[in-house]
Amino acid sequence: MAENQKQQSVLIIAGMHRSGTSLTSSLLQSGGLNIGERLMGEGDGNIKGHFEDWDFVEFHENVLASQGISKEGWTKQKNIPVSEQDLERAKLILKSKYNNNWGWKDPRTTLFLDFWAKLIPEANFIFVYRSPWEVVDSLYRRGDRLFQLQPHLALEVWLHYNMIIKEFYDNNLDRCLLFNIETISSNPQLFLEVVARKTGIKLKSLKEEIYQESLLNRSRDFHSQSIIKEYFPEALAVYAALEERKEQMDGNDSSLARKILTNCPSYKEWVMQDWLERRNNQLELGRLKAQIHLMQSSQLSKQKFLFGIDSAKDSGKSEEIVVSDFILSGWCISTSKMAIKAIRAKIEQESFDGVYGIYRPDVVHNYSLDTQAACGFKIPVCLLPKQQTIQIEVLDRRNKWHEVGSHSLRFSPPLKFCFDRPQVWRQESSTIFFSGWCCHREVEIKRLVLSVADIFQDCSYGNYREDVHLAYPDWTGSKNSGFTLSITVPPGQWPVTLKAYLETGEIISVQAPEDLVVSFLNIANQSNNKLKKLLIFARDLKQRITDRQKRLGRSPSLSEIPRLLKKLVDIYRS
C-alpha cells in the first residue's frame, strides 16, 4: 500500500474471533472512524462492547444460515456463495453507509473478503491476528457449546480464518494492513498513526487511555505453546507466516513465532512438568476434600437427612438420561435416631416407590457416621423428554413421609430436533412455514412427518446442515438433517409433533417444546371489508336495476337471480 495515496474512505476490519478486532475497532472509532450507529453491545468476553455494526452482522448471519452454516461462522468451508437477493441487500446497506470516513468490523467478514473487495473496490482492509494458543484458550474460557463438544475445532477454525487472511493479503498488498494484536495493544497511538499514514484516512490522536491491559487475557504458559509446536505444526507455520507479513511499527518488533520455536520447552520437558503439576493438583484436591468434610461434619447436627444420587442405571454419572425408564440409585441417612422405613420419588403428581436398605459401606466411611451401612436405595422412575425435578421422600415408622431433597434430570431421547421456524409460535390463520433439523443417534431417518391440528404432512427432509454436523458429528445423518414444510393451520392451540420413520422400521415421535397458537385473522377488519363489498354490490345492483328499467322497462328476470345470490355468497366467504 503506497503512502500518501489518494484518500480512500472505507476501512474494513476483520480477523478470527477472539483476536482483538473489538479493541482495534474501538481505537479507530476513538480516532474518528465512523464504524456504525447501531452497534452490538457488551457480552461474554467483551464487557466494553463488540463494536460490530448490526447491519453487517445480520447480513453475514443470514448468508451463513442460508448455506446451513452456524451464524457465528464456525466453518471450514471456502467460497461461501452469496445469492442475487443478498447481493442487492448488501448494496442497499452500502448506500446507507457512505460518508467521508467510515468502515465496519465483524469477524465473519473474513469469510466474505472477495465479495466485499469486489463490491467496494476503494476499500482498505485491516487484518488483526493473535496467537493460536491464546485464541483457543479464549474460546474455551468463553464456553461455546460447539467447542465443549469438539475442542479440536477451535484450532481448525483459527487455521481456516487466518489462511484466508494470508491468501487475501498476498493477492491485495496495495489495500491491506496486517497487525498482531500485541503490536496494537503495546502502542495504540502509533497504530493509529500508521493506519492514517498508509491509508490516507484522517484519524485524531487519542485523548485518553482506552485500552485496559487486564481485558486482554493472555495465555503465556509454555504448555499450550508446546502442544501447538508438537502436534499442530501447520498452525505454527501459518502464525509464523503472518508474523513475517505484519506491519513493523518499531525497530524492536520481532517475530513471536520465532521466539517460540527457539525458547519453547521441548515436548519431554512439558510432559514431566505436567506430571508434576497433576500430582500437586491431587495433593491440593485432597486438602480441599478434607476441608469440605470438616464443614459437612459441622453441619450434620443442623440437617435431618443427608442424601446423594449415584447415577441412572444406563447413563454413568451424567444428568442427561438417554432412556425414559431407568433406575435412580443413591443413598439416604438420617442424622437423628429416626429409622427410615421406605423411600419414594415424586415427579410432579406421579409417585414411584423404591427399595431402601441396600448395603453402602462407602457412605458410612466417607461421612464417619455411627449408623448402619444399609442406607442405599434404588427407585425405578419414568421421565418425559424434558428437564424434570425429582423429589425424594422417606417414610418413618409412624408412616409419616418426610421430604429429603430434590434432584434434576433430563431425559434426552436418541432423537434430537430443533425448529428454526416459526420463530414466534403465535400466528394468525395463514400458511405457516416450518423449518429445522432432526437426526437420530445411530439410525438413518427415511421419512419425517409433521402433524398439527389433525393434519399429517411429509416434510421435505434431507437439507444440508453443516452447523448440526459440527455439533453432532457422530450422529447418523446430521449433515443432511434439515427439513422444511409449508402448511395451512386452522385457528386454535395445537401441539406440533414430528414423526421420524427409521430405516429399522421403528417410528419415534417428538413434540415441539411449546404449542402453536393460531388466532383468527383480524375479525374486525374482515367484517369491515365484507360490509364494504356488500355496500358496493348493493349500489351496483341498484344502478343495474335502474339502467335495466330505463332500457327494457322491467326489473331483473328470474334467470338472473341465482347469479346475484352466488355473488352474495362469494362475498360472505371471501
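Only a predicted model underlies this, so the values are computations on that prediction, with no experimental measurement involved.

Peer 1: Can you tell me about the packing of aromatic side chains, naming the residues and giving the values?
Peer 2: Evaluation of the coordinates by the stated rule reveals 22 aromatic pairs. The interplanar angle of 65° and the centroid separation of 4.9 Å between the aromatic rings of Phe125 and Phe168 together place this pair among those described as edge-to-face. Remark: Phe168 occurs in helix α7 (residues 152–171) and Phe125 occurs in strand β3 (residues 124–129); sequence separation between them is 43 residues. Owing to a relative accessible area of 1%, Phe125 belongs among the buried residues under this scheme. A relative accessible area of 5% places Phe168 in the buried class. Members of the aromatic cluster, connected to one another through ring pairs, are Phe56, Phe59, Trp102, Trp104, Phe115 and Trp116. The positively charged end of Arg447 is found above the aromatic ring belonging to Tyr501, 4.7 Å away from the centroid.

Peer 1: Could you give me a rundown of the confidence of the model for the chain, with the residues and numbers involved?
Peer 2: In this model, the chain carries a mean pLDDT of 80, and residues with pLDDT of at least 70 account for 72%. When the criterion is pLDDT under 50, residues 2–8 qualifies, and its contacts beyond four places in sequence or with other chains add up to 13 contacts. When the criterion is pLDDT under 50, residues 312–318 qualifies, and its contacts beyond four places in sequence or with other chains add up to eleven contacts.

Peer 1: Requested: an account of unusual backbone geometry, with residues and values cited.
Peer 2: Residues Arg421 and Pro422 are joined by a peptide bond in cis, for which omega reads 0°. In this structure, Asp454 takes a positive phi of about 60° despite not being glycine. Tracing the chain through its elements places Asp454 in the loop between β17 (445–452) and β18 (455–458).

Peer 1: Help me get a handle on the nonpolar core, residues and values and all.
Peer 2: Formed by 54 residues in total, the largest nonpolar core has its most connected members in Trp116, Phe127 and Trp158. With eleven residues, the single largest contributor to this core is α7.

Peer 1: Before we move on, could you go through the sheet that holds strand β24 (residues 516–519) and cite the residues and values that matter?
Peer 2: With mixed pairing, three strands are arranged side by side in an open sheet as β15-β24-β21. This sheet does not close on itself; its edge strands, each paired only once, are β15 (426–428) and β21 (492–494). Ignoring which end each strand starts from, the neighbouring axes of this sheet average 25° apart. Both β15 and β24 contribute to a ladder of three bridges, which runs parallel. Paired with Glu428 across the two strands is Ser519, which belongs to β24.

Peer 1: For the packing of helix α2 (residues 54–66) against helix α3 (residues 84–95), give the residues involved together with the corresponding values.
Peer 2: One can describe the packing of α2 onto α3 by two numbers: an axis separation of 11 Å at closest approach and a directional angle of 175°. Classified by the interaxial angle, the pair formed by α2 and α3 is roughly antiparallel. When α2 is examined against α3, the residues Asp55, Phe56, Glu58, Phe59, Asn62 and Val63 are found in contact with a partner set consisting of Asp86, Arg89, Ala90, Ile93 and Leu94. Tallied by class, residues from the contact of α2 with α3 come to six nonpolar, one polar and four charged.

Peer 1: Which residues make up the environment of Lys91, and what values do they have?
Peer 2: Note that Lys91 resides in helix α3. It is 9.7 Å that separates the C-alpha atoms of Lys91 and Ile120, two residues lying 29 residues apart in sequence.

Conventions and cut-offs
- Residues numbered from 1 in each chain as written.
- Predicted model: local features only at pLDDT ≥ 70, side-chain atom pairs only at ≥ 80, totals over all residues.
- Heavy atoms only, no water.
- Phe/Tyr/Trp six-rings, centres within 6.5 Å; stacked < 30°, edge-to-face > 60°.
- Helix = DSSP H or I, 4+ residues; strand = E, 2+ residues; numbered from the N terminus.
- Buried < 20%, exposed > 50% of the residue type's maximum accessible area, 1.4 Å probe, protein only.
- Lys NZ or Arg CZ within 6 Å of the ring centre and 35° of its normal.
- pLDDT = per-residue confidence, 0-100.
- Contact = heavy atoms within 4.5 Å.
- Core = buried A, V, L, I, M, F, W, Y, C linked by side-chain atoms within 4.5 Å.
- Pairing = 2+ DSSP bridges.
- Axes fitted to C-alpha atoms, helices over the stretch in contact; angles between N-to-C directions.
- Parallel < 35°, antiparallel > 145°, perpendicular 65-115°, else oblique.
- Nonpolar A, V, L, I, M, F, W, Y, C, P; charged D, E, K, R; others polar.

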